[in-house]
Amino acid sequence: MDYQNLKIPRHVGIIVDGNGRWAEERGRKRSYGHQKGSENLERLSRYILTKTGVEILSVYVFSTENFKRSVEEVDYLMGLFTKKFKNDAKKYKRENIKIVFSGRREPLKEEVLKTMDEITEMTKNNTGGILNFCLNYGGHAEIVDATLKIYHDLESGKIDHLDEEIFSKYLYHDLPPIDFLIRTSGEYRISNFMLWQASYAEFYFPKTYFPDFDEKEFDHAILEYTARDRRFGGIDYEKTNH
Ligand code: FPP
């Protein structure tokens, strides 16, 4: 699709959902769905950040609550993250995409943290777009973690007051607000994803399971976004009778 002359969201969020159901419907194990989802994510993120004009993509790949899943599934996902970050680091570096992570490090294992740190370091000077992996991430946890740091800095005198702009600098990353939030698989929930950043996001809930949410589906989503009227609490009086 030609993205020129379209209204493009600066920051897109994707809640990755439906890998498990995608696999189960094919009589396969859930892990197969996660593997397909991870391949799709790599291709789609490169498309979004290099071909469409979107500057930041935040993807929810593991929530703090996902640790409640079976040990087998959690271990599989951790192994998949480790393998993909190791394998894909060079590709992202070449594509000029900067990788960052949002979330708590505890209780992630050392081998996962190591590949996360390596890919972050390898891509830190890239300028062609930011891919923010929300991994062991929770919106409540992020707000609590920011509040603890603020409390510390207020006590030590590093800052003497607080407002919304200062607060957002204490989040895991000081990113602009999410403009467009997509959740695949036909679920209509935000599930603790970037609560601060998504306050005025436009929502889009395609039925498609994530492994099938490809470039074409994303183009379709953007066309939907361009038709939205974003008012941020105001009113466009030229469009009303008053
Ligand atoms: C949520 O629902 C999805 C996840 C917990 C995992 C998403 C992970 C990936 C796509 C892999 C990402 C890989 C890298 C390298 C970051 P679900 O997919 O379990 O689906 P369900 O609701 O159908 O059970």
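Placed above this text is the structure.
Participant: Would you take a moment to explain the overall build of the protein chain for this structure?
Facilitator: Counting its regular elements, the protein chain contains 7 helices and 6 strands. Counting helices and strands in the order they occur from the N terminus, the protein chain gives β-α-α-β-α-β-α-β-α-α-β-β-α. Dimensions along the principal axes, computed over C-alpha positions, put the protein chain at roughly 60 × 50 × 35 Å. Taking the contacts inside the protein chain whose residues are at least 6 apart along the sequence as the reference set, 76% of them involve residues at least 24 apart. Per element, the accessible surface of the protein chain, about 13200 Å² overall, is 50% carbon and sulfur.

Participant: Looking at this model, I keep getting lost on the packing of helix α2 (residues 30–51) against helix α3 (residues 71–94). Mind explaining?
Facilitator: A pair of packed helices is characterised by two quantities: the angle between their axes and the separation of those axes. One can describe the packing of α2 onto α3 by two numbers: an axis separation of 11 Å at closest approach and a directional angle of 25 degrees. It follows that α2 is roughly parallel to α3 by the angle criterion. In this structure, the crossing between α2 and α3 has a hand that is right-handed. Two secondary-structure elements touch here, α2 through Arg30, Ser31, His34, Gln35, Ser38, Glu39, Glu42, Ser45 and Arg46 and α3 through Glu73, Tyr76, Leu77, Leu80, Lys84, Asp88, Lys91 and Tyr92. When the residues that make up the contact of α2 with α3 are grouped by side-chain class, the tally is 4 nonpolar, 5 polar and 8 charged.

Participant: Whenever I open this one, the pattern of salt bridges confuses me. Can you help?
Facilitator: Two side chains of opposite charge can pair, provided their charged atoms sit close to one another. In the structure shown here, the tally under the stated rule is 24 salt bridges. The residue arginine 21 makes a salt bridge to glutamate 187 at a minimum N-O spacing of 3.1 Å. With a gap of 166 residues between them, arginine 21 in helix α1 (residues 19–24) and glutamate 187 in the loop between β5 (180–183) and β6 (202–204) connect regions that are remote in the sequence. Residue arginine 21 is classed as partly exposed on the basis of its relative accessible area, which comes to 26%. When its relative accessible area of 21% is taken as the criterion, glutamate 187 is described as partly exposed. A salt bridge links glutamate 42 to lysine 91, with the nearest nitrogen and oxygen atoms 3.2 Å apart. Of the two residues, glutamate 42 sits in helix α2 while lysine 91 sits in helix α3, which places them 49 residues apart along the sequence. With a relative accessible area of 9%, glutamate 42 lands in the buried category. Of the residues examined, lysine 91 reaches a relative accessible area of 27% and is grouped as partly exposed.

Participant: In this structure, what is going on with the environment of lysine 7? I would like to understand it.
Facilitator: Residue position: lysine 7 is located in the segment before β1 (11–15). Taking the C-alpha atoms as reference, lysine 7 lies 8.4 Å from isoleucine 222; in sequence the two are 215 residues apart. Not counting chain neighbours up to four residues away, the residues in contact with lysine 7 comprise Tyr225, Thr226 and Arg228. A polar side-chain atom of lysine 7 sits 2.9 Å from the main-chain carbonyl oxygen of arginine 228.

Participant: What is the right way to read the side chain of aspartate 219 from this model?
Facilitator: Within the fold, aspartate 219 resides in helix α7 (residues 215–226). Not counting residues within four places of it along the chain, the set of residues in contact with aspartate 219 comprises Met1, Tyr3 and Tyr47.

Participant: What should I look at first to understand the site of the ligand in this one?
Facilitator: The immediate surroundings of the ligand are formed by 16 residues, with Asp17, Asn19, Arg21, Arg30 and Arg69 found nearest. The contact in question runs from an oxygen atom of the ligand to an N or O atom on the side chain of aspartate 17, over 2.9 Å. At the level of secondary structure, the elements contributing two or more residues to the shell around the ligand comprise α1, α2 and α3. For the shell around the ligand, the leading source of residues is α2, giving 4 residues. Grouping the amino acids of the shell around the ligand by side-chain chemistry returns 4 nonpolar, 7 polar and 5 charged.

What counts, and where the lines are drawn
- Residues numbered from 1 in each chain as written.
- Predicted model: local features only at pLDDT ≥ 70, side-chain atom pairs only at ≥ 80, totals over all residues.
- Heavy atoms only, no water.
- Helix = DSSP H or I, 4+ residues; strand = E, 2+ residues; numbered from the N terminus.
- Contact = heavy atoms within 4.5 Å.
- Areas by Shrake-Rupley, 256 points an atom, 1.4 Å probe, with all protein chains shown as cover.
- Axes fitted to C-alpha atoms, helices over the stretch in contact; angles between N-to-C directions.
- Parallel < 35°, antiparallel > 145°, perpendicular 65-115°, else oblique.
- Left-handed = near helix turned anticlockwise from the far one by under 90°.
- Nonpolar A, V, L, I, M, F, W, Y, C, P; charged D, E, K, R; others polar.
- Salt bridge = Lys/Arg side-chain N within 4 Å of Asp/Glu carboxyl O.
- Buried < 20%, exposed > 50% of the residue type's maximum accessible area, 1.4 Å probe, protein only.
- Polar contact = N/O pair within 3.5 Å; in protein donor to acceptor, adjacent residues only side chain to side chain.
- Near = heavy atom within 4 Å.

So yeah, pure geometry; function would need other evidence.
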